[in-house]
Each structure stands twice: as structure tokens, then as C-alpha cells.
Amino acid sequence: MISALWVMIGISLLLGAVLGYSAIKFKVEGNPLVEKIDAVLPQTQCGQCGYPGCKPYAEAIAKGEIGINKCPPGGEEGIQKLADLLGVEFQPFGEGAGPKGKAVAFIDEQTCIGCTLCIQACPVDAIAGAAKQMHTIIASECTGCELCLPPCPVDCITMESIEENITNWKWRHPVIIPIKAVA
Amino acid sequence: MSEYLLILVGTVFVNNIVMVKILGLCPFMGVSRKLETAIGMGAATTFVLTLGSGASYLIQHYLLGPELAYLTTLSFIVVIAGIVQFTEMAIKKTSPDLYQVLGIYLPLITTNCAVLGIPLLNVQAKHDFMQSLLFGFGGAVGFTLVMVLFAGIRERLEGADVPGIFKGTAIAMVTAGLMSLSFMGFSGLVK
Amino acid sequence: MRTLFAFHGGVHPPTHKEESTRTPIAQTPLPSKLVIPLSQHVGNRAVPIVQVGERVLKGQKIGRPEGKLSSAVHASTSGTVTAIDMQLVAHHSGLPDLCVTIVPDGKDEWIAHRGVDISQTSHSDLRHLLRKAGVVGLGGAVFPSDLKTDAHHHKIKSLVINGAECEPYITCDDMLMRERATDIVRGANLLRELLHAEEVLIGIEDNKPEAIAAMHLAVEQDKHDKMEVLSVPTMYPSGGAKQLIRILTGIEVAAGVRSTEMGVQCFNVATAYTAWRALAHGEPLLSRIVTVTGNVTDAQNFDVLIGTPLEELVALAGSKPDTDRHIMGGPMMGVDLPAGTIGITKATNCIIESSPKLFPPQPPALPCIRCTRCADVCPAELQPQDLYWFAKSNNFGKTEEFHLFDCIECGACAYVCPSNIPLVQYYRYAKSEIHERERDKKAADLARERHEYRQLRIERDKQEKAEKLAQKEREAAAKAAQAAATPVATPDDTQQKLIEEALARAKAQAAAAHPQNTETLTPEQSAEIAAIEARRAKIREMAADAGADDEPPKSH
């Protein structure tokens, strides 16, 4: 009986020592997971997830504080990618939290009073302008996060959806068209 | 020498741990969605199993002996858990990518019945040290083999026109059953 | 006798070329209007430089190239610009694009133009002229030729001139070679000089004996050495640039590799012809040969002004009433045109009038039975059945692993598919999805970078502010201490001292700001600077010469 105890204690002590040593030896600084999650996120910096930007959301996911379905701009595909990355089940968007179409902000330059509030709100510096000067959106840099809408005191910013045109047109999943000639 | 070869061929094909002994089904179904995950899991299991078989032989033979045989299962679990923990830490340090891919399945090796089953089968079959090692290694190679095969099939199953109620895990189970049947073809290869 | 190579696979669809080769190339009368798209080439759309109501002359530039990868667009005849707006164009999407509409005045009045002495003109100037003349690849890819004639310091051994024209029904290159071989050959020689290529190989499929004979004659008459006309076996798609390069030189060009890196470049015969006309005669690309065939009474080739409305062109060939669709290009790779109003573009080599009898609707696609006939015929040696499988299940990573981007979309796989699966559509779908993901990824990376920089800036500003505040506090404290220590110093003194200090600082700053690296120069350095200045002046002059054409790109 005593020998059984000794055996188990011995095994436990030995394993404990090995694991303790390797915990020090193989210590990893930081969490590489955050970078990977951040790479999947769409970087709109819109804050719809409840975190101030994509990186903080990535950190929260890595810690397991929040679900992977809180990023509407990433779409369902984004959730799927996160699910694959983290090895968890796909979670659908909550009620009414789905993705919207792509859009860019547009400033009505007649109404703008040049208050610079939107410039301070823009997370990617996509608004050009100065105090008491008319502002304008640099459309190519705008992520469509809508963060500039609430601060505007004269409501001169609107979201314009990006229409399909000849440069951004995509092939659809196939429809059948005849390509075979009859001899 | 030929005896060792027979053990290898026997464990990889004839008595395949997953397909014939029906052990280790949890990672077999869980980590076989993607080919690279399956390969990573196979490699980790191979490492753990080979090490675990050797360690468990030593414990069984030198520490426990016949009088403490009732401690076999208990001590094996402790040892395997320790080895898995060690592997996890080592992989996290040396290959963060593989660590990422294996994710939560790495700790699951601890509760993987194949990993505990093989050392216990070793005891049952009264293998010596070398035979135990080879048995463990062969079993793990067999495990990796079917993991890779199954992952390859599942990747293609994604595009298959499967009836609605069979989609996902259901068709995967059917496929696993068919694979198991095909592995029966190896029986009789080694006497 | 040169040994020819073979590419893998290929198919033999019925050629249907005889119908449109019975009569010579016909000149079209002036159409009632011209609808000229500003995006007729690979790359950025040209920017319109005319106004509505403006009178333009034949050959006048109406769209200037924007950015490096772009080309100019010209008025094909004299007349009045009546609209610059979005109109339907020849594109798979069926979406409108910016077009210039010109109503001809019937005078067909040329703008002043003349050719250049090619041997006396520098290569960079010649390339610039090609760009100004709007010369693009006329084989269908419409890639700006000025960029293709730059070998990027690679040694070019073979220049391949593509006269294979492998797709059924199309005969525009065939007729061009029969009738205008001399100019083609001279154009080929010109392209060879631009590329410093050793030899010119003209590949023509052996079902065009007249064209081969005409080209032979032209080469002999002009006494070009190291220029060979080679007859290649008829096999679709031997007219694909990569396939013809493979047949004539044995070189395989992988996806994402410039053929110049492999020491070979390929141009279509019509491109060679147009390049010659542009440089030797100063004629920009205003017209091209178009085959009109299919469900028509008189299938033939026309010399068509760019922008001619499709309806007016097909009426000339006698389009039959049961025509239900117009196909631009061949039956294998062609585009369904969305309307009869669209203008003929530089890419339009052929119009096939289609009727349900001629091209019956495709029977519904059946499941893939993995017969791998598609793999047998694939000229790029891909596994089309696997590509299809993965594209269908949106597994785009796998499609790339299976070399989707080596696919030339020739349609040979779909042609032989016993299950009638529209394979090429699946590949195009996968390709455009992958491209979109890449675009999104780039946009996300840019947004991340900008966001991080912004945060860095905010943080830095905060720190600087805090530092300044601390500095002020320290100074105030020091002053207070000083004031306490030396209460005798008169206020006049300290002020005087402060002013003196400030003056000294200003002087030091002025000295520091003055550039000091141009003062002590060796004579060689001075000479070098003078040479650089001279070069700059010349470039400025050239830019002014080119007119609005080379405005500096807009800063972003």
C-alpha cells in the first residue's frame, strides 16, 4: 500500500519538476494569436464590436472575452475565417447585426461649416480639411465605418453605397450559357 | 528484425488503431477538416505516442511490476498527461504555426483513447521495450495515415452534392465507415 | 527546317472560316454615329479631353492615357462630339462605361499627321509615339503595346508574331495577312528593333495557305533576314500567346512570369500592322478588321472604324431576322454583347450573329463524372475537374494551389465536357473572387497602417504636450529660484540678455538651414550637376511636346 503511494508521489514529483522546468525554458512572450486574428479582421476600425478598433477586438477574442460574431464589416466569411483559425464553431450574427453593403462617407460641401469634429473622429485620417475650411473625404482611404456621422453638428455627412461598375464587377457563381457550336 | 517489421506493418495497416480497433475517433472526426491540420495532429500524436509507449513500458516494468498492476491505468494517464503538456509547451515555443493549427486538439490528446489504449495493449501483449516503442510508433503512423486520407476525402466532400440531411458530420461518418470496411481488406496480410 | 514543339491537349472544333474568306476586306461607309468607349485597353480608362459640342478631326485625340498602364483614344472620323456619357459597352458584365459619341460630318477630314523616320528616332520616343497613337494588342488582350515593346533589359531571342488565329469563325487576321502582308512584315521588323530581338518567328496555322504564301512573299520581297514564316498545325488553342510561344520556341511561360524574362515576346499580326501604320504613317489606331459571320447572308471582313455601332455593321453583312444574340470574338471565348447600340472597339476581332439554330441553348449541366477528358485537352496541363470541384465549393485557396491562374480560359475543357458543365465560368468566378479578396486585403492593410500611424501620432502629440508642460514648469521653478537667489538683477538686464540670446539662436539656425553641400565641389561634380540639369530640361521639353498627354499623375 505504502509502496503504491510512493510510486504515485514519485511520478507526480518527477513530472512536476520536468513541466515546471520546461515552463520556464519554453516561455513565450506575447500572444501571436492576436496578430493572426487582427489579420483576418477587415480593419474598418468602426467600433461596432464594442472595442475601440480592430486590434483591441482581436485581443479580446484571443483572451476569449467575446464571441467571433461581433464584426459586421467582416461578413459571414469573416466569422468563418475566425472560426477556422480558432478551431471553434461558426456563430451567426445576432438579430439585426448583419453586414451592410460597402459604402464611403460623403461630405455635403455646401453645408459643411469646417468644425473639424469629423476629422478627429476618423480612425484612418481619411478626411482632409482644417478649421473653418471645408472638409472632404478621401474616398480611396475611407473604410465606411460611419464614425464621422454622429459628431457632425450640421449632419452634412452621408454614406454613399458603392455601386457595381465595370471595374469592381465580379463574375457570379456560374449560370449556363451555350459555348458549344453545332458542327 | 522481421518481427519488428511485422509489428510495424501490422499496426499501420492490419490492426489500424482507428479503422480496425476503433480507437481515437475524437480527433479523427474533429481535426480532419483540413489536410494541414490532420498532418499536424498526426505528427503531434506520433511524438506523444512513441514517447508515451516507451515511458509507460519503463513504468510498468521497473516501477509497478506485478504487485502494483492495479496502478497501471492511473499512472499511465498521469504520465501521458505530463508528456502532452510538455509537447504543448515545446510546440508553442518552437512552432507557433503548428500550435495555432492544433489549437484545442492538442490538450485533447490527453484524453485520446488511442494514446492510452496503445500502452495498455502493450502491457496486455507483454511486449518488450523495443516492441512497445515500435507498437506505439506504428499505431501513431497508422493514425496519421487515416487522418490524412480522411482529411483529403473530406476536403473534396465539401464540394460534393450531398443530400441535405447527410451534409456535414453525417456524410463524414458514412465515409469513415466505408474507409473502415476497406481497411478490413488488409486482414490476413500478417499472420 | 525548324523543329516545332507541341503543347499538351487542344481540340479541333469545326473551323467555319471559309464563309468569311470568299470576298476581300470591304470598306464600311461612314456610320450615322460613333460610340467610342474610353476604356478599350487593359489598365486605366483614358480621360476625355474634348467637350460636348466640340468639332473633332479624324485622328484627333479625344482621350488621354491616365497613368502608366493606359492608352490614348482617338476620333475615328471628323464630326461633332454630341455626348460624353455612360453607355453600354462590350464587356462580360453588361454594365455601362464612359463613352464619347461623335456624329460624323461626312467630310472624313484628317488632322495633320505624318510618320517619323524610324531609324533616326530613339526607341523611347518610338514607344511614346505608340502610346500616343493608342496602339494596343489587337489579338484580344488589348494590352498597351508601348509597354510590351520594352524588354526591361532582358535579352530577347525570339519575337513571335501571332497569325495562328485558332478560334473558329474568325478570319480577320487571315484576310489582313493576305491583303496587307508587306506592312505586317515591316511592323514585325520594327517591333524586333524595339525589342532588340534576334529573330522573328511568324506562326500561322496551316489552314491558311493563302496567308502563309502572302507572308512568305512579303518577307522575301523586303529581304528581312532571320525572319521566318512558319506553318503550325491547326489545333485550338495554338493562337494563345503562351501556346504559340511553346510551339515555335519550346519555351513555357508560367503564370505571373513576363515572357520577356524567358527571352521571348509575342505580338499579334494586326498589332504589328497597326504599329507600322502608326509610326511610319502617323496614323493612330482608328479602325480595325472585323469578321462578321454566323447567321448572316454575306459573311465577310470589314475595315471598321472604332466606335461604329454594332447594328449598322451587321446590317452590312445582311444579318438574318432570326438572330437572337451577337457574340463578340469566337464561339469558344466570345462575349455576349448586351445591345445592338454598342460601338466596335479595338478588341472586336469578330462578330458572330447567333441564332438558336446555329448555337442551340446549352443543355442543363449534369454532375461531373470525373472522366478527365478536360484534363486531356487542357493546353495549360491543369486538372480542370479539380479546379471545377474547388471553385464550385468556394475553396479558393485550393484552386490557387491547383494553379488556377495558369488557366487561359480557352474553353477547351468546357467544349469536351460530356456533362455540359460551364467550366470556364467557374474558373472566372473563382479568379474574380480571389482578386476581390486581394483587393480587400490590401485595403485592410492600408487602413491598419493608417490607423496605427494615427494612434502613434496622437500618442506622440500627447507626449510632446506633456513634455512642454513639464519644461515650462521646470523653467518657472528655475526662474523663481533664480529670482529668489539674485534679487538685484534689473529687469532691463534680463530682457537685454534674452534678446541677445534669441538673435544668436536665429543666426545659428540660418547658418544651419543654408545648404552646405553645393559650395565646395570638385569640377567633376559640377559637370555632373550641369548634365543632370540639362537632362531635366530636355524631359520638361518632351513633356510639353506631348501636350496634355503626360500631365503629372494626380497626387493622392
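These numbers come from a predicted model, not from an experiment.

Let us now look at the overall build of chain B. Within chain B, the regular secondary structure consists of nine helices and zero strands. Traced from its N-terminal end to its C-terminal end, chain B shows the element sequence α-α-α-α-α-α-α-α-α. Referenced to the eigenvectors of the C-alpha coordinate spread, the extents of chain B come out at roughly 60 × 45 × 30 Å. For chain B, the proportion of its 191 residues judged to be buried stands at 40%. Of the contacts formed within chain B by residues at least 6 apart in sequence, a portion of 81% connects residues at least 24 apart.

Okay, the overall build of chain A next. Counting its regular elements, chain A contains five helices and four strands. Traced from its N-terminal end to its C-terminal end, chain A shows the element sequence α-α-α-α-β-α-β-β-β. Whereas a compact globule of 183 residues would reach a radius of gyration of roughly 16 Å, chain A reaches 26 Å, over 25% beyond that. When its C-alpha atoms are laid out on the principal axes, chain A stretches across 90 × 70 × 30 Å.

Below, the discussion takes up the packing of helix α8 (residues 129-157) of chain B against helix α9 (residues 169-183) of chain B. Residue and element names in this part refer to chain B. Interaxial distance between α8 and α9 falls to 11 Å at its minimum, and their mutual angle equals 135°. As judged from the angle between their axes, α8 and α9 are oblique. α9 is crossed by α8, and the crossing has right-handed handedness. Across the interface between the two elements, Val146, Leu149, Phe150, Ile153, Arg154 and Leu157 of α8 pack against Ile171, Ala172, Thr175, Ala176 and Met179 of α9. Broken down by class, the residue content of the contact of α8 with α9 amounts to nine nonpolar, one polar and one charged.

Let's shift gears to the environment of tyrosine 169 of chain C. Within the secondary structure layout, tyrosine 169 of chain C lies in the loop between β9 (158-163) and α3 (172-179). Contacts of tyrosine 169 of chain C, omitting those with residues within four sequence positions, involve His16, Lys17, Thr291, Thr293, Gly294, Gly330, Pro331, Cys350 and Ile352 of chain C.

Now for the confidence of the model for chain B. All names here are of chain B. Looking at chain B, pLDDT values average 86 and 96% of them are 70 or higher. Ranking the elements of chain B by mean pLDDT puts helix α5 (residues 96-102) last with 71 and α8 first with 92. Taken together, the chains of this predicted complex give a pTM of 0.80 and an interface ipTM of 0.80.

Let us look at the interface of chain A and chain C. The partner chain C presents 34 residues to the 28 residues of chain A that form the contact. Of the residues contributing to the side of chain A that touches chain C, the split by class is 14 nonpolar, eight polar and six charged.

On to the interface of chain B and chain A. Counting residues at the interface gives 19 residues for chain B, matched by 18 residues for chain A. Considering every element that reaches the side of chain B that touches chain A, the biggest residue donor is helix α4 (residues 72-94) of chain B, with ten residues. Here the side of chain B that touches chain A is built from residues that sort into twelve nonpolar, five polar and two charged.

Quick look at the pairing of strand β10 (residues 199-205) of chain C now. All names here are of chain C. Of all seven residues making up β10, six are buried, and the element is well covered by its neighbours. Two strands pair when backbone bridges link them, and β10 and strand β11 (residues 227-232) are joined in this way by six bridges, in the parallel orientation. When the sheet's bridge partners are listed, valine 200 is paired in β11 with methionine 227. A crossover links β10 with its parallel partner β11, the connecting element being helix α5 (residues 209-222), and its sense is right-handed.

Turning our eyes to something else, we now look at unusual backbone geometry. Residues and elements named next belong to chain C. Cis geometry marks the peptide bond from tyrosine 236 to proline 237, where omega comes out at 0°. By secondary structure assignment, the location of proline 237 is in the loop between β11 and α6 (241-249). Positive phi, normally seen in glycine, also occurs at histidine 153, with a value near 65°. Given 6 C-beta atoms within a 10 Å radius, histidine 153 is considered exposed.

Before going further, it helps to examine the sheet that holds strand β16 (residues 335-336) of chain C. Residues and elements named next belong to chain C. Pairing within the open sheet is mixed, and its six strands lie in the order β1-β14-β13-β17-β15-β16. Each of the sheet's edge strands pairs with one partner strand only, and the pair in question is β1 (26-27) and β16. Bridging between strand β15 (residues 325-328) and β16 involves two bridges; their strand directions are antiparallel. For methionine 328, the partnering residue across the bridge sits in β16 and is valine 335. Against the sheet, α3 engages β13 (287-294), β14 (300-305) and β17 (350-354), with an angle of about 125° to β13.

What follows concerns the sheet that holds strand β3 (residues 47-48) of chain C. Residues and elements named next belong to chain C. With antiparallel pairing, three strands are arranged side by side in an open sheet as β3-β5-β6. This sheet does not close on itself; its edge strands, each paired only once, are β3 and β6 (73-74). Bridge count for strand β5 (residues 61-64) against β6 is two bridges, and the pairing is antiparallel. Within β6, the position partnered with glycine 63 by the bridge is valine 73.

All right, on to the environment of leucine 116 of chain B then. Residues and elements named next belong to chain B. Inspection of the secondary structure puts leucine 116 in helix α7 (residues 113-124). Taking the C-alpha atoms as reference points, leucine 116 and arginine 33, 83 residues apart in sequence, are found 24 Å from one another. Aside from chain neighbours lying at most four places away, what touches leucine 116 is Phe76, Ile77 and Ile80.

Counting 132 residues, the largest nonpolar core has Ile161, Met215, Ala272, Val290 and Leu423 of chain C as the members making the most contacts within it. Of the residues that make up this core, three or more belong to each of domain 1 (18-28 + 124-316) and domain 2 (365-465) of chain C. Here leucine 423 of chain C is in contact with Cys374, Pro384, Tyr388, Cys413, Ala414 and Cys417 of chain C, once residues within four sequence places are set aside. Within the second largest apolar cluster, 44 residues are counted, among which are Leu133, Phe135, Val141 and Met147 of chain B.

Chain-level statistics for chain A give a pLDDT mean of 83 and a share of 93% at 70 or above. pLDDT under 50 marks residues 176-183 of chain A. Its contacts with residues more than four places away, or in other chains, come to 25 contacts.

We now examine the domain arrangement of chain A. All names here are of chain A. If you check the domain split of chain A, you get domain 1 (32-86) and domain 2 (101-163). A straight line from the C-alpha centre of domain 1 to that of domain 2 covers 25 Å. Each side of the interface is counted separately: domain 1 has six residues, and domain 2 has seven residues. The class makeup of the residues in the side of domain 1 that touches domain 2 is one nonpolar, five polar and no charged.

Residue and element names in this part refer to chain C. Direction vectors running N to C along helix α4 (residues 181-195) and helix α7 (residues 269-280) enclose 80°, while the axes themselves pass 7 Å from each other. Considered as vectors, α4 and α7 are oriented roughly perpendicular to each other. On α7, the residues that touch Asp183, Ile184, Arg186, Gly187, Ala188, Leu190 and Leu191 of α4 are Val269, Ala272, Tyr273, Ala275, Trp276, Arg277 and Leu279. Considering only residue class, the contact of α4 with α7 consists of ten nonpolar, one polar and three charged.

Here we come to the environment of threonine 44 of chain A. Mapping threonine 44 of chain A onto the fold places it in the loop between α2 (32-40) and α3 (54-63). With 26 C-beta atoms packed within 10 Å, threonine 44 of chain A lands in the buried category. For threonine 44 of chain A and serine 161 of chain A, which are 117 residues apart along the polypeptide, the C-alpha to C-alpha distance reads 15 Å. If near-sequence neighbours (up to four positions away) are discounted, threonine 44 of chain A is found in contact with Pro73, Thr143, Gly144 and Cys145 of chain A together with Ala447 of chain C.

For β15 of chain C and β17 of chain C, the ladder comprises four bridges, and the chain directions are antiparallel. Within the sheet, the bridge partner assigned to methionine 328 of chain C lies in β17 of chain C and is isoleucine 351 of chain C.

A few words now on α7 of chain B. All names here are of chain B. Taking 1.5 Å of rise per residue, twelve residues should cover 16 Å, and α7 covers 16 Å from first to last C-alpha, within 8% of that figure. What α7 keeps buried is the set Ala114, Val115, Leu116, Ile118, Pro119, Leu121 and Asn122. Contacts made by the buried residues of α7 are with α3 (35-64), α4 and α8.

Conventions we followed
Residues numbered from 1 in each chain as written. Chains lettered and ligands numbered in written order. Predicted model: local features only at pLDDT ≥ 70, side-chain atom pairs only at ≥ 80, totals over all residues. Helix = DSSP H or I, 4+ residues; strand = E, 2+ residues; numbered from the N terminus. Buried ≥ 20, exposed ≤ 12 C-beta atoms within 10 Å, placed from the backbone. Contact = placed C-beta atoms within 7 Å. Rg over C-alpha atoms; globule rule 2.2 N^0.38 Å. Axes fitted to C-alpha atoms, helices over the stretch in contact; angles between N-to-C directions. Parallel < 35°, antiparallel > 145°, perpendicular 65-115°, else oblique. Left-handed = near helix turned anticlockwise from the far one by under 90°. Nonpolar A, V, L, I, M, F, W, Y, C, P; charged D, E, K, R; others polar. pLDDT = per-residue confidence, 0-100. Pairing = 2+ DSSP bridges. Right-handed = clockwise from strand over helix to strand, strands pointing away. Core = buried A, V, L, I, M, F, W, Y, C linked by C-beta atoms within 7 Å. Domains from an automatic or database assignment. Expected span 1.5 Å × (residues − 1).

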